[in-house]
Amino acid sequence: MKLKLDSGREVKLKDVSLDDRDAMLDKVEYQFKKDGTPNGVKMMHSTITFWLRKGLDGDTSDNFIKELSFEERTQIFLKMQDTLLLGEGKPSNSK
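Everything numeric in this text was worked out from a predicted model, so none of it was measured. (Residues numbered from 1 in each chain as written. Predicted model: local features only at pLDDT ≥ 70, side-chain atom pairs only at ≥ 80, totals over all residues. Heavy atoms only, no water.)

Draft legend 1. Spotlight on the overall build of the protein. Regarding its fold elements, the protein presents 4 helices and 4 strands. In the protein, the succession of α and β elements from N to C terminus is β-β-α-β-β-α-α-α. Overall size of the protein, expressed as C-alpha extent along the three principal axes, is 45 × 40 × 25 Å. The buried share of the protein, taken over its 95 residues, is 27%. Sequence separation of 24 or more characterises 59% of the internal contacts of the protein that already satisfy a separation of 6 or more. (Helix = DSSP H or I, 4+ residues; strand = E, 2+ residues; numbered from the N terminus. Buried < 20%, exposed > 50% of the residue type's maximum accessible area, 1.4 Å probe, protein only. Contact = heavy atoms within 4.5 Å.)

Draft legend 2. Layout of the nonpolar core. Among the nonpolar cores identified, the biggest contains 19 residues, and Trp51, Leu52, Leu56, Ile76 and Met80 are the most heavily contacted of them. Where this core is concerned, the elements lending two or more residues are helix H2 (44-55), helix H3 (62-67) and helix H4 (70-85). Filtering out sequence-adjacent residues up to four positions away, Leu56 remains in contact with Val11, Lys12, Leu13, Lys14, Trp51, Phe64 and Ile76. (Core = buried A, V, L, I, M, F, W, Y, C linked by side-chain atoms within 4.5 Å.)

Draft legend 3. Fine view of the packing of helix H1 (residues 18-27) against H4. Running from N to C, H1 and H4 cross one another at 120°; their axes reach a closest spacing of 11 Å. Overall, the two elements H1 and H4 adopt an arrangement that is oblique. Crossing handedness for the pair H1 and H4: left-handed. Where H1 approaches H4, its residues Arg21, Met24 and Leu25 are matched on the opposing element by Met80, Leu84 and Leu85. Tallied by class, the residues present in the contact of H1 with H4 amount to 5 nonpolar, no polar and 1 charged. (Axes fitted to C-alpha atoms, helices over the stretch in contact; angles between N-to-C directions. Parallel < 35°, antiparallel > 145°, perpendicular 65-115°, else oblique. Left-handed = near helix turned anticlockwise from the far one by under 90°. Nonpolar A, V, L, I, M, F, W, Y, C, P; charged D, E, K, R; others polar.)

Draft legend 4. View of the pairing of strand S4 (residues 38-41). Relative to S4, strand S3 (residues 30-32) is paired through 3 bridges, and the arrangement is antiparallel. Residue pairing in the sheet places Gln31 in a bridge with Gly40 of S4. Adjacent in sequence and paired antiparallel, S3 and S4 are bridged by 5 residues, among which Gly36 carries a positive phi angle near 95°. (Pairing = 2+ DSSP bridges.)

Draft legend 5. Looking closely at the side chain of Glu72. Mapped onto the secondary structure, Glu72 falls in helix H4. A residue is classified by how much of its surface remains accessible, and Glu72, at 7% relative accessible area, is buried. Here Ser7 takes part through its side chain, which lies 2.5 Å from a polar atom of the side chain of Glu72. In this structure Glu72 touches Leu5, Ser7, Arg9 and Glu67, once residues within four positions along its chain are discounted. (Polar contact = N/O pair within 3.5 Å; in protein donor to acceptor, adjacent residues only side chain to side chain.)

Draft legend 6. Here's a closer look at H4. With 16 residues, H4 extends 22 Å between its outermost C-alpha atoms, agreeing within 8% with the 22 Å of an ideal straight helix rising 1.5 Å per residue. Those residues of H4 not exposed but buried are Glu72, Arg73, Ile76, Phe77, Met80, Gln81 and Leu84. Looking at the packing, one finds that the buried side of H4 touches strand S1 (2-4), strand S2 (10-12), H1, S3, H2 and H3. (Expected span 1.5 Å × (residues − 1).)

Draft legend 7. Here's a closer look at unusual backbone geometry. Backbone geometry at Met43 places phi at a positive 50°, although glycine is not the residue there. Checked against the element boundaries, Met43 lands in the loop between S4 and H2.

Read these as geometric descriptors, not functional statements.
Listed below in structure tokens is the structure:
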């Protein structure tokens with residue numbers, strides 16, 4: 001799946017294996033405010049780098065990732081989250 005970022009840069013997302021998907025989702029640890037509302041992701045930078053290395057199809061070298069702006073890395077991460085979580089909680093067509 002190709003993703004065109006707001007910056008104009010295009011990246012390609014992998015169709016990740018179930019094991020990689022689980023590792024990616026397990027890596028995300030959310031932080032919450034006292035009232036229970038989301039406040040962000042713990043260890044955000046290492047989490048996003050992990051996701052980029054697992055989920056991008058193509059160059060995932062340090063040099064490429066360093067060339068991405070924080071906004072680009074965040075946009076890719078959020079799109080991958082949407083893609084991986086799509087369908088979670090939806091029942092299968094089993095009878």
